[in-house]
Amino acid sequence: MQSNNNTAIVLRFFDEVFDRDNFSYIDEIIAPDYTFNGAPSSAERTKQWAKRKRRKYKDLRFQIEDLTGHGDAVSFNWTMRGFNSESSDELVIRRGQSQLTFRAGQCVSNVQTKRDAGPGQTMAFT
């Protein structure tokens, strides 16, 4: 079942990268022709993004919900929580949805949308 393998890759991504700081896992799962929201990207850019998040947000956690896979596609909702070390350790909560496409066990595209985080919470994704 390809979709089960792909959903497992998604869960392992958050575990390896954000819980264990194993950024090399990104090299295994990002395809050379990977795109993010339609723009060319790469494993290296994804690693730099993840490292920036880990530095900026103390106690960074992602909650993954409604994870579904169908063939080569995986979609899920996510909630990111962390304390912004650049602004008096303010709690930041951001929510969104990602739709990923896989080929041969590697992610070839990620289309991400953000949802409102609620009153008093910012949505800028930096």
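Residues numbered from 1 in each chain as written. Predicted model: local features only at pLDDT ≥ 70, side-chain atom pairs only at ≥ 80, totals over all residues. Heavy atoms only, no water.

Student: Honestly, the nonpolar core in this entry has me stumped. Any pointers?
Tutor: Generally speaking, a soluble globular protein has its nonpolar side chains buried in company with each other. Counting 25 residues, the largest nonpolar core has Phe13 and Phe18 as the members making the most contacts within it. Looking at this core, the elements with two or more residues in it are α1 (2-19), α2 (25-29), β1 (30-36), α3 (43-56), β3 (57-70), β4 (73-84) and β5 (90-103). No other element matches α1, which puts six residues into this core. Beyond its immediate chain neighbours, meaning those up to four positions away, Phe18 contacts Phe13, Trp49, Ala50, Lys53, Arg54, Leu60 and Phe62. (Core = buried A, V, L, I, M, F, W, Y, C linked by side-chain atoms within 4.5 Å. Buried < 20%, exposed > 50% of the residue type's maximum accessible area, 1.4 Å probe, protein only. Helix = DSSP H or I, 4+ residues; strand = E, 2+ residues; numbered from the N terminus. Contact = heavy atoms within 4.5 Å.)

Student: What should I look at first to understand the pattern of salt bridges in this one?
Tutor: When charged atoms on two side chains of opposite charge get close, those side chains can pair. On inspection of all chains with the given rule, the structure shows eight salt bridges. Where Arg12 meets Glu16, a salt bridge forms, and the shortest distance between an N and an O atom there is 3.4 Å. Note that Arg12 and Glu16 are positioned in helix α1 at a spacing of four residues, about one turn of the helix. Residue classification places Arg12 among the partly exposed residues on the basis of a relative accessible area of 38%. (Salt bridge = Lys/Arg side-chain N within 4 Å of Asp/Glu carboxyl O.)

Student: For this particular structure, what's the right way to read the side chain of Arg94?
Tutor: For Arg94, the location among the structural elements is in strand β5. One buried charge, Arg94, has no salt-bridge partner; the nearest side chain with opposite charge is Glu90, at 7.6 Å. (Lys, Arg positive; Asp, Glu negative; His and termini not counted.)

Student: How do you make sense of the environment of Phe62 when you look at a structure like this?
Tutor: Looking at the element boundaries, Phe62 is found in strand β3. The buried category is assigned to Phe62, whose relative accessible area is 18%. Placed 16 residues apart in sequence, Phe62 and Trp78 show a C-alpha to C-alpha distance of 6.5 Å. When residues no more than four places from it in sequence are discounted, the contact partners of Phe62 are Phe14, Phe18, Trp78, Thr79 and Met80.

Student: Is there a simple way to think about the confidence of the model for the protein in this case?
Tutor: Looking at the protein, pLDDT values average 90 and 89% of them are 70 or higher. Contacts from residues 119-126, a stretch scored under 50 in pLDDT, to residues over four places away or in other chains number 23 contacts. (pLDDT = per-residue confidence, 0-100.)

Student: I'm lost on the packing of aromatic side chains in this one. Help?
Tutor: Each aromatic ring pair is described using two quantities: the centre-to-centre distance and the angle formed by the ring planes. Applying the stated criterion across every chain, the model contains eight aromatic pairs. Where Phe13 meets Phe14, the ring centres are 5.0 Å apart and the plane angle is 85 degrees; that geometry is what we call edge-to-face. The two residues Phe13 and Phe14 agree in class, both being buried. Where Phe18 meets Trp49, the ring centres are 5.7 Å apart and the plane angle is 90 degrees; that geometry is what we call edge-to-face. Here Phe18, found in helix α1, pairs with Trp49, found in helix α3; they are 31 residues apart in sequence, far enough to count as distant. (Phe/Tyr/Trp six-rings, centres within 6.5 Å; stacked < 30°, edge-to-face > 60°.)

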